[in-house]
Amino acid sequence: MSFRFALSLIALPAMWFTVAYSVGELLERDAVPDSGAPQLECGRHLTDAGGDVLPSAESVRVVLVTDEEWRATVPPSATFGARHVLLDAASLFRGLSIHLLPVRIVDWESPDDAATIRDVWVAARESIPLAEAGADIAVVLTAQARTTSQDGYAQVGGRYVAVAHHRGHPERDAVVLAHEVSHLFGAHHGCDVPGREGLMAAKGFDGDLICPCIRRILELNANRFHNPSDESRS
């Protein structure tokens, strides 16, 4: 047996170990993180809920806020009334343990000088306390003409959502609402499905597709509103 041949036999197991470790590292990197993990590579765990965590089947209490322009455009008897918009949006979260329960509808006057949907959102956040409404989140529906150039507004990890009415396409209101509510549960813009945009596209949502990465974020934070502290609900 030559020295070179013997050396190759010694190196062979080391080579296979290196290959096996590389494959194992890739598989571990692509594995779905445990739902109890504090961090996700495609999102973060929102931890502002205080007290004991309740089962994730508990509902998120929603106060629905409609401004005068929205009420004039979409009468209560219309198919796409405030409750219908919320329930249609909630249906897009099927299988995610996110349940949206409308507990109150509030008639509200949005500021006449609101130039953007964010202006409406700020005004609602400053004038509609969640604790007094007995709600965990607020959904504001507006039809102000100057704000309809934007679909909606919400902050990641926040508690308030504003959605502009889509004249001629009212079914789009529910999709936008689901998009904005997803932000409250930590979802960001983007999709990890090649060639698809999904619900969380920055613009031009691709139907009701919830991409795998976004789904993991929503599952991780599904119970973030359960037993919130008084401070977080103010």
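Anything mentioned here points back to the structure above.
Per-chain numbering applies: the sequence of each chain, read as written, is numbered from 1 onward. Reporting of local features is limited, given that this is a predicted model, to residues whose pLDDT is at least 70; pairs of side-chain atoms are given and counted only at 80 or more, and all residues count toward the totals for whole chains, interfaces and linings. Hydrogens are left out, water is left out, and the side-chain values use all remaining heavy atoms of the structure.

**Student:** Which residues make up the environment of L100, and what are the values?
**Tutor:** For L100, the position within the fold is in strand β4 (residues 99-108). By relative accessible area, L100 is classed as buried at 7%. Here the alpha-carbon distance between L100 and V60, two residues 40 residues apart in the chain, equals 4.9 Å. Contact criterion: two residues are considered in contact whenever any of their non-hydrogen atoms come within 4.5 Å of each other. Look past the residues within four positions of L100 in its chain and what remains in contact with it is V60, V62, L86, L87, A90, F93 and V181. In this text, helices come from DSSP runs of H or I with a minimum length of four residues, and strands from runs of E with a minimum of two, each type numbered from the N-terminal end. Here's how the labels work: a residue is buried when its accessible area is under 20% of the maximum for its type, exposed when over 50%, partly exposed in between, all with a 1.4 Å probe on protein chains only.

**Student:** Go over the state of the cysteines with me, naming the residues and quoting the values.
**Tutor:** For this text, the term disulfide refers to a pair of cysteine sulfurs within 2.5 Å. Evaluated as defined, the whole model comprises one disulfide. Through a disulfide, C191 is tied to C211; the S-S separation comes to 1.8 Å. For the disulfide bridge between C191 and C211, the dihedral angle about the S-S bond is near -100 degrees, and by the sign convention the bridge is left-handed. With C191 in the loop between α6 (171-184) and α7 (212-220) and C211 in the loop between α6 and α7, the pair connects residues that are 20 residues apart, well separated along the chain.

**Student:** Requested: an account of the sheet that holds strand β6 (residues 152-154), with residues and values cited.
**Tutor:** The strand order across the open sheet formed by five strands is β4-β3-β5-β7-β6, and the pairing between neighbours is mixed. Sheet topology places β4 and β6 at the edges, where each strand pairs with a single neighbour. When strand polarity is set aside, the average angle formed by the axes of neighbouring strands in this sheet is 20 degrees. Strands qualify as paired when DSSP identifies two bridges or more between them. Bridging between β6 and strand β7 (residues 160-164) involves three bridges; their strand directions are antiparallel. Residue pairing in the sheet places G152 in a bridge with V163 of β7. Across the sheet, helix α3 (residues 82-91) is in contact with β3 (59-67), β4 and β5 (137-142); its angle to β4 comes to roughly 155 degrees. Sitting on the sheet, helix α4 (residues 117-127) touches β4, β5, β6 and β7, and the angle it makes with β7 is about 140 degrees. Note on geometry: axes are C-alpha line fits, over the in-contact stretch for helices, and angles between N-to-C directions span 0 to 180 degrees.

**Student:** Go over the pairing of β5 with me, naming the residues and quoting the values.
**Tutor:** Across the six residues that make up β5, a large majority, six, are buried. Burial along β5 is two-sided: I137, V139 and L141 and A138, V140 and T142, pointing in opposite directions, are all buried. In terms of strand pairing, β3 meets β5 through five bridges, oriented parallel. Across the sheet, residue V62 finds its bridge partner in β5, namely I137. Taken together, the five bridges between β5 and β7 define a ladder with parallel strand orientation.

**Student:** Residues and numbers for the environment of S110, please.
**Tutor:** The residue S110 is located in the loop between β4 and α4 in this model. Look at S110 and you get buried, because its relative accessible area is 3%. Taking the C-alpha atoms as reference points, S110 and D67, 43 residues apart in sequence, are found 5.6 Å from one another. Within the structure, S110 has its side chain in polar contact with the side chain of D67 (distance 3.0 Å). For the purposes of these results, a polar contact is taken to be a pair of N or O atoms within 3.5 Å, where, inside protein, one atom must be able to donate a hydrogen and its partner to accept one; residues adjacent in sequence count only when each atom of the pair is a side-chain atom. At 2.6 Å, the side chain of S110 forms a polar contact with the side chain of Q144.

**Student:** Tell me about the nonpolar core, and name the residues and values.
**Tutor:** In globular proteins that are soluble, nonpolar side chains generally tend to be buried together. In this text, buried Ala, Val, Leu, Ile, Met, Phe, Trp, Tyr and Cys residues form a nonpolar core when linked through side-chain atoms within 4.5 Å. Residues F93, I98, L100, L177, F185, I214 and L218 are the most contacted members of the largest nonpolar core, which totals 43 residues. Mapped by element, the contributors of at least two residues to this core are β3, α3, β5, β7, α6 and α7. The leading source of residues in this core is α6, at seven residues. For L218, the contacting residues outside a window of four places in its chain are F93, L96, I98, S182, F185, A187 and I210.

**Student:** Describe the packing of aromatic side chains, listing the residues and the values that go with them.
**Tutor:** Centre distance within 6.5 Å is the pairing criterion for rings of Phe, Tyr and Trp, where only the six-membered ring of Trp is used; planes under 30 degrees apart are then read as stacked, over 60 as edge-to-face, and the remainder as tilted. Inspection of every chain in the model, using the stated rule, returns two aromatic pairs. Here W121 and Y153 contribute two aromatic rings whose centre-to-centre distance is 4.9 Å and whose plane-to-plane angle is 65 degrees, an arrangement assigned as edge-to-face. One end of the pair, W121, is in helix α4; the other, Y153, is in strand β6, and 32 residues separate them in sequence. Summarising the aromatic geometry, the rings of F185 and F225 are spaced 5.2 Å apart at their centres and angled 90 degrees between planes, so their arrangement reads as edge-to-face. A residue pair is termed long-range when its members are at least 10 positions apart, and F185 in the loop between α6 and α7 and F225 in the segment after α7 qualify at 40 residues. Across the pair, exposure class does not vary: F185 and F225 are buried alike.

**Student:** Pulling in residues and values, what's your account of α3?
**Tutor:** Among the residues of α3, those classed as buried are A82, V85, L86, A89 and A90. One face of α3 carries all of its buried residues, which in axial projection span an arc of 130 degrees. Considering only its buried residues, α3 is in contact with β3, α2 (68-73), β4, β5 and α6. Each C-beta atom gives one direction from the helix axis, and the arc is the one those directions make.

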